[in-house]
Amino acid sequence: MKDLSLHILDIVQNSIRANAGRISVGLNIGDDNFLTLVVNDDGSGMNIEQAARVKDPFFSTRTTRKIGLGVPLLLQKAEQCGGSLSVSSAPGNGTEVRASFLTTHPDCPPMGDIPECAWMLMVSNPDKRLIFNFISASEEWDWDSLQIREALGEVPLSEKSVRASLLNWFQLDFSNFKGNIKT
Amino acid sequence: MTKVKTLADLKRLREELQDKIHVRESGDHPESIVQVKVAMATCGIASGAKDVMVFFMEELEKRGIDSVVTQTGCMGYCYAEPTIEVTLPGHAPLVFGFVDKRKADEIIEKYIKNGELVDGIIPITYQSINESQQEGQI
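Cut-off values and rules
- Residues numbered from 1 in each chain as written.
- Chains lettered and ligands numbered in written order.
- Predicted model: local features only at pLDDT ≥ 70, side-chain atom pairs only at ≥ 80, totals over all residues.
- Heavy atoms only, no water.
- Helix = DSSP H or I, 4+ residues; strand = E, 2+ residues; numbered from the N terminus.
- Buried < 20%, exposed > 50% of the residue type's maximum accessible area, 1.4 Å probe, protein only.
- Contact = heavy atoms within 4.5 Å.
- Areas by Shrake-Rupley, 256 points an atom, 1.4 Å probe, with all protein chains shown as cover.
- Phe/Tyr/Trp six-rings, centres within 6.5 Å; stacked < 30°, edge-to-face > 60°.
- Arc of directions from axis to C-beta.
- Polar contact = N/O pair within 3.5 Å; in protein donor to acceptor, adjacent residues only side chain to side chain.
- Salt bridge = Lys/Arg side-chain N within 4 Å of Asp/Glu carboxyl O.
- Pairing = 2+ DSSP bridges.
- Axes fitted to C-alpha atoms, helices over the stretch in contact; angles between N-to-C directions.

Draft legend 1. Region of interest: the overall build of chain B. Looking only at helices and strands, chain B has 5 helices and 4 strands in total. Of the regular secondary structure in chain B, the N- to C-terminal order runs α-β-α-α-β-β-β-α-α. Every one of the 138 residues in chain B was classed for burial, and the buried ones make up 44%. A separation of at least 24 residues holds for 58% of the contacts in chain B among residues at least 6 apart in sequence. A total accessible area of about 7700 Å² is found for chain B, and carbon and sulfur atoms account for 50% of it.

Put into structure tokens, the structure is as follows:
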């Protein structure tokens, strides 16, 4: 994975496969130079055995292949740059994946195109509630696809001018968030 | 056009649009339009499926092709990512492998527009490693 936005796309796919109705993605930058990524869902969750093996690249619930690299790749990336990864889950209670990265570390992954990633997930999963939340030391931004759909009413998210303005909006917010990161 | 920076702006945009748009009926009948599914599991994403998906979303609209582009999971063709599945109305789905932007352009121009087959189709008889192993055990 080239950047954090691709990891987000990937981890969110796990939530979608777990039949989550609400998926929230949080990026939090604190004073300690740690960037924390939290993906939290209300999907089916995992039992103790599955949760214990989720960091194992030779474990997958898929039947099309025997390996599952999504979480292991994120774990590797986090540990490479002085961070860590934890997964908490219980059957019926959803799953939370939490990864942290030291932004001053030379191996810290670039953010990538997070606005495009959020926009794409919302447009291609109109039946899910996707919440993106960014917190910096001084400000907070929120994109909630449920609120967006409510504001739009009968106009679909896939409408051309809606898609374009949504992407512009996200890009503007995100450049403000990025402006708050010390590197 | 309203510049959208908040939810309130979005509501204004909705009012501007309300009169102009007609609700697309094709949305209720996905089998009557071109369907493109982009495989977006770890393998696909790592190979650049995101750019391919954005390309299809933008280009099909620009070229005036009534279509729906969605994400799907891993189809077991990890060696050939990014892979896409194209379903033309009235046709069986076809899976294409190693789809970069150039290949995507070729698929739109030749297959989607004219029904002409292009290189890179993954045959339906292809067996993933799991499938061929299972068969060996029987």
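Still more to cover.
Draft legend 2. Quick peek at the packing of aromatic side chains. Residues and elements named next belong to chain A. A complete count under the given rule lists 11 aromatic pairs over all chains for this structure. Ring geometry for F134 versus W143: centroids 4.8 Å apart, planes at 65 degrees, classification edge-to-face. In this pair, the class of F134 matches that of W143, namely buried. Ring plane angle 45 degrees and centroid distance 5.2 Å describe the contact between F134 and F177, whose orientation is recorded as tilted.

Draft legend 3. Structural view of helix α5 (residues 145-152) of chain A. Those residues of α5 of chain A that sit buried are S145, I148, A151 and L152 of chain A. The arc enclosing the buried residues of α5 of chain A, seen along the axis, measures out at 120 degrees, which places them on a common side. On the buried face of α5 of chain A, the contacting elements are α4 (114-124), β5 (129-135), β6 (140-144) and α6 (160-179) of chain A together with α1 (7-18) of chain B. Capping of α5 of chain A at its N-terminal end is provided by D144 of chain A; its side-chain oxygen lies 2.8 Å from the backbone amide nitrogen of L146 of chain A. Among the residues trailing α5 of chain A, G153 of chain A stands out with phi positive, at a value near 60 degrees.

Draft legend 4. Structural detail: the interface of chain B and chain A. Across the contact, 32 residues belong to chain B and 41 residues belong to chain A. Our enumeration of links across chain B and chain A arrives at 3 salt bridges. A salt bridge links E154 of chain A to R14 of chain B, with the nearest nitrogen and oxygen atoms 3.3 Å apart. Here chain B is connected to chain A by 8 residue pairs in polar contact (both at pLDDT 80 or more). Secondary-structure elements contributing two or more residues to the side of chain B that touches chain A are α1, α2 (42-46), α3 (49-62) and α5 (129-137) of chain B.

Draft legend 5. Looking closely at the sheet that holds strand β3 (residues 85-89) of chain A. Residues and elements named next belong to chain A. Taken in spatial order, the 6 strands line up as β3-β4-β2-β1-β5-β6 in an open sheet, and their pairing is mixed. For this open sheet the edge positions go to β3 and β6, each flanked by a neighbour on one side alone. Put simply, the sheet's adjacent strands are angled 10 degrees from each other on average, direction ignored. As paired strands, strand β2 (residues 34-41) and strand β4 (residues 95-102) are joined by 8 bridges and run antiparallel to one another. Bridging from a neighbouring strand, T36 pairs with S100 of β4. The strands that α5 touches are β5 and β6; relative to β6, the one it contacts most, it runs at about 60 degrees.

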